[in-house]
Amino acid sequence: MIASQLQASRARLFKEYKEVQREKSADPDIQLVCDDSNIFKWTALIKGPSETPYEGGVFQLAFSVPEQYPLQPPQVRFLTKIFHPNVHFKTGEICLDILKNAWSPAWTLQSVCRAIIALMAHPEPDSPLNCDSGNLLRSGDIRGFQSMARMYTRLAAMPKKG
């Protein structure tokens, strides 16, 4: 049973890998890369969505895919520091229902990236992992939140000039 699950998981990831290679130009906001030596380890570079404080930033995500994938969700975290209510500032952990109880095997690593980009554009301040960020939004201080988020985007997610 275990071996066949592992084979199914590998086959699924290999299929996703081939799709990612094919679709590189189709989704310019997402660059998914598989680790050369381990198909269960992936990284992604995602572009901050336009008209958000993250615009212009490029954020790196780390994927750790379980051997039970796609029956279980991947673990995903931000490697790039981001000021967002649903992302833990120190660990990069992401609070997103599809990565927890709303996971479905229909999701792919690519669609998870899209969901994370959507979360960046539409934060959920009522379930914060970053309380400072959540409190700013909950108290209605949108400008305060945006200026902090923009500052961290500039510091952590933009290429240094010079």
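Residues numbered from 1 in each chain as written. Predicted model: local features only at pLDDT ≥ 70, side-chain atom pairs only at ≥ 80, totals over all residues. Heavy atoms only, no water.

### Thoughts on the packing of aromatic side chains
Logical step 1: Summed over the entire model, instances satisfying the criterion amount to eight aromatic pairs.
Logical step 2: Both rings, one in phenylalanine 14 and one in tyrosine 17, keep their centres 6.3 Å apart while their planes meet at 20°; by these two values the pair is stacked. Here tyrosine 17 and phenylalanine 14 lie together in helix 1 (residues 2–22), a separation of three residues that amounts to about one turn.
Logical step 3: Between phenylalanine 59 and phenylalanine 78, the aromatic rings sit 6.2 Å apart at their centres with planes inclined by 90°, giving edge-to-face as the arrangement. Residue phenylalanine 59 is located in strand 3 (residues 58–64), and its partner phenylalanine 78 is located in strand 4 (residues 75–78); the two are separated by 19 residues in the primary sequence.
Logical step 4: The exposure class assigned to phenylalanine 59 is buried, which follows from its relative accessible area of 0%.
Logical step 5: Looking at phenylalanine 78, the relative accessible area reads 4%, which means it is buried.
Logical step 6: These aromatic residues form a ring-pair network of at least three members: Phe83, Phe89, Phe145 and Tyr152. (Phe/Tyr/Trp six-rings, centres within 6.5 Å; stacked < 30°, edge-to-face > 60°. Helix = DSSP H or I, 4+ residues; strand = E, 2+ residues; numbered from the N terminus. Buried < 20%, exposed > 50% of the residue type's maximum accessible area, 1.4 Å probe, protein only.)

### Description of the packing of helix 3 (residues 131–138) against helix 4 (residues 142–156)
Logical step 1: For the pair helix 3 and helix 4, interaxial distance at closest approach is 7 Å and the crossing angle is 145°. Handedness of the crossing formed by helix 3 with helix 4: left-handed. Residues Ser133, Leu136 and Leu137 of helix 3 pack against Ile142, Gly144, Phe145 and Met148 of helix 4.
Logical step 2: Of the residues in the contact of helix 3 with helix 4, the class split is five nonpolar, two polar and no charged. (Axes fitted to C-alpha atoms, helices over the stretch in contact; angles between N-to-C directions. Left-handed = near helix turned anticlockwise from the far one by under 90°. Contact = heavy atoms within 4.5 Å. Nonpolar A, V, L, I, M, F, W, Y, C, P; charged D, E, K, R; others polar.)

### With respect to helix 2 (residues 109–121)
Logical step 1: If you check helix 2, its first and last C-alpha atoms are 19 Å apart, about what 13 residues at 1.5 Å a residue would give, namely 18 Å.
Logical step 2: The buried count for helix 2 comes to ten of 13 residues, which makes it a mostly enclosed element.
Logical step 3: Considered for burial, the residues of helix 2 that qualify are Leu109, Gln110, Ser111, Val112, Cys113, Ala115, Ile116, Ile117, Leu119 and Met120. (Expected span 1.5 Å × (residues − 1).)

### Focus: the pairing of strand 3
Where a strand is regular, its side chains alternate between the two sheet faces.
Logical step 1: Looking at chain direction, strand 2 (residues 41–47) and strand 3 are connected through seven bridges and run antiparallel. Pairing of leucine 45 across the sheet is with glutamine 60, part of strand 3.
Logical step 2: Sheet topology note: the strand 3/strand 4 ladder contains four bridges and is antiparallel. Residue serine 64 lies in a different strand from strand 4, and its bridge partner there is glutamine 75. (Pairing = 2+ DSSP bridges.)

### What about the UniProt feature "active site" (unreviewed entry) in the chain?
Logical step 1: Within the UniProt annotation, "active site" (unreviewed entry) is assigned to Cys95.
Logical step 2: On the secondary structure map, cysteine 95 appears in the loop between strand 4 and helix 2. (UniProt positions renumbered as here; feature names shortened; annotations may be inferred.)

### What about the sheet that holds strand 1 (residues 30–34)?
Logical step 1: Taken in spatial order, the four strands line up as 1-2-3-4 in an open sheet, and their pairing is antiparallel. With one partner strand each, in any of the chains shown, strand 1 and strand 4 form the two edges of the open sheet. For this sheet, the mean angle separating the axes of adjacent strands, direction not counted, is 20°.

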